[in-house]
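# What the coordinates show
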Amino acid sequence: MRTSGWYRVAMFGAMIVVLLNTLFAVKTLHTLFLVQGWRAHTLEVITHTRAIDLEISQGNSAVRAYLLTGYPSYVERFHQAKGTIDSELVQLQKLTIDNPAQQNRILYLKKRILIKRAALETAVAMRSGMAGPLDMTALQPSLSDSPDGLPSVYYCIDRIEEEEQRLLNDRTREVHHAEVLVWVSFFSASLLDIFLLAAAAELLIRVLRDRQTLADRAAEIALLNTDLEKRVELRTRELESSNKELEAFSYSVSHDLRAPLRTIDGFSLALQEDFADKLSGEGQDYINRVRAGVQRMGSLIDALLQLSRVTRTELQHEDIDLSQMATLVFQELKGAEPARSVTFTAQPGLHANGDSRLLRNVLENLIGNALKFTSKVSDPQIEFGGRPGTGELAGKTVYFVQDNGAGFDMQYVDRLFTAFQRLHGDRDFKGSGIGLATVSRIIRRHHGSMGAFSEPGKGANFYFTLADGPIAG
Ligand SMILES: Nc1ncnc2c1ncn2[C@@H]1O[C@H](COP(=O)(O)OP(=O)(O)OP(=O)(O)O)[C@@H](O)[C@H]1O
Ligand SMILES: [Mg+2]
């Protein structure tokens, strides 16, 4: 997996952990609120229990005060306490509805309160009916905590409170436990956040650093490229000027060679014509050989001059009907060999933009070769055409000259376009090996490319492309 893939997995994992942690924090908070609610509930129950306890004591004290003083306001206070106790009991019953044991205890308390209350009321009635001195011994049983000897109301209240205290302790513990969990979850969430923040910051720093490094490298490469371009430009200029020098040199050499060659040609001809009777058969043979050599050298010089002219002349641009030009070239070349019968076809309407003189030279060489290398087949056929290019040549028109002549071995195809390279012997097919080198130069000057494919004995196909629009230089 790529680094970015690992980062994604890590981020996804971190997100899951954060989510789980959040769920855990919410859950612990929820539990905390719940147990806190329960604890508050228990405290409320205790408060009401204590209120009952207090009111019972107040009621008892009011009755005692009445018994001692006989003031009716104490009786009133006693009745007031009764009312408060009853309403507190109702509250208590409601609050402990979910606790059957407490409900039982409250019911029992209620009963005990009624008994105690009845005893107090009896005492109050007795006191109000007493005419003589106060007889406290007669009233004492009614004032005792448990008039019938069974558990007192205080005992009952203590039991209820005891149970609530036990619940309070349990719930306080639960609250503490929940608090600890809340702390743990929030603390771990904070730690996780810090860790993730640090990781994200580290990641960001790395990305920024990488970007900076990339930018630095790009700047370096751009600098190198400009340097390289400058050097290439310089070398190209150097090459161009040395090429021009070489061209000029070979042109002047070829040109200057012509004069002495003409002298040799003229004097050898004079020797042959004027002194034929003075020369032996062997002498005449030598003269013939000299003359043949001179002629061959002459045609070599012509070829060289033609080749150098290709690079020396300025390019003219015009729209050319290549199909028409090919037909004309064929007719002209064929005219030099009227005895031969050759089938020539040219796909009509093939146009190109270029220098007409040079492109004519191309067709002359290619069609000339096709004529030459079909001279030994029984039904010579030559075709000029164009097809859409594929691969590297996609979008261009590929022009071709196809024949069914001698062909050649593809192993040597690259040599053909170099000057003086020939794949066939001079005895079979005459030539100086300069034609295709010239063609190659012309095509290069038109910013095109060229190539060939063939098989010995199965003909050859020479193709070329040209620049789409006008050509610079
Ligand atoms: N149509 C063809 N069929 C087979 N071989 C060819 C064909 N055209 C060129 N060649 C091979 O490529 C060689 C080079 O061709 P090129 O035209 O440069 O020279 P040439 O025809 O021999 O001489 P020149 O054109 O200078 O008179 C030829 O000698 C021949 O071996
Ligand atoms: Mg040729």
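Scroll up a little and you will see the structure.
This text gives an overview of the structure that appears in the document.

Rules and cut-offs
Residues numbered from 1 in each chain as written. Chains lettered and ligands numbered in written order. Predicted model: local features only at pLDDT ≥ 70, side-chain atom pairs only at ≥ 80, totals over all residues. Heavy atoms only, no water. Helix = DSSP H or I, 4+ residues; strand = E, 2+ residues; numbered from the N terminus. Rg over C-alpha atoms; globule rule 2.2 N^0.38 Å. Buried < 20%, exposed > 50% of the residue type's maximum accessible area, 1.4 Å probe, protein only. Contact = heavy atoms within 4.5 Å. Areas by Shrake-Rupley, 256 points an atom, 1.4 Å probe, with all protein chains shown as cover. Pairing = 2+ DSSP bridges. Axes fitted to C-alpha atoms, helices over the stretch in contact; angles between N-to-C directions.

## So, the overall build of the protein
What the protein contains, in helices and strands, is nine helices and seven strands. Over its C-alpha atoms the protein spans a radius of gyration of 63 Å, topping by over 25% the 23 Å that the globule rule assigns to 473 residues. Principal axes of the C-alpha set define a box for the protein whose edges measure 205 × 45 × 40 Å. Expressed as a percentage of the 473 residues in the protein, the buried residues total 34%. Counting contacts in the protein only where the partners sit at least 6 residues apart, residues at least 24 apart contribute 73% of the total. On the protein, roughly 28,900 Å² of surface is accessible, and the fraction owed to carbon and sulfur atoms is 60%.

## As for the sheet that holds strand S5 (residues 397-403)
The strand order across the open sheet formed by five strands is S2-S4-S5-S7-S6, and the pairing between neighbours is mixed. Unpaired on one side and paired on the other, strand S2 (343-346) and strand S6 (450-454) mark the two borders of the sheet. Sheet twist, expressed as the average angle between the axes of neighbouring strands with direction ignored, equals 20 degrees. Pairing between strand S4 (residues 381-388) and S5: seven bridges, direction antiparallel. Bridge pairing links Glu383 to Gln402 in S5. Lying over the sheet, helix H8 (residues 356-373) contacts S2, S4, S5 and strand S7 (460-464), oriented at roughly 30 degrees with respect to S5.

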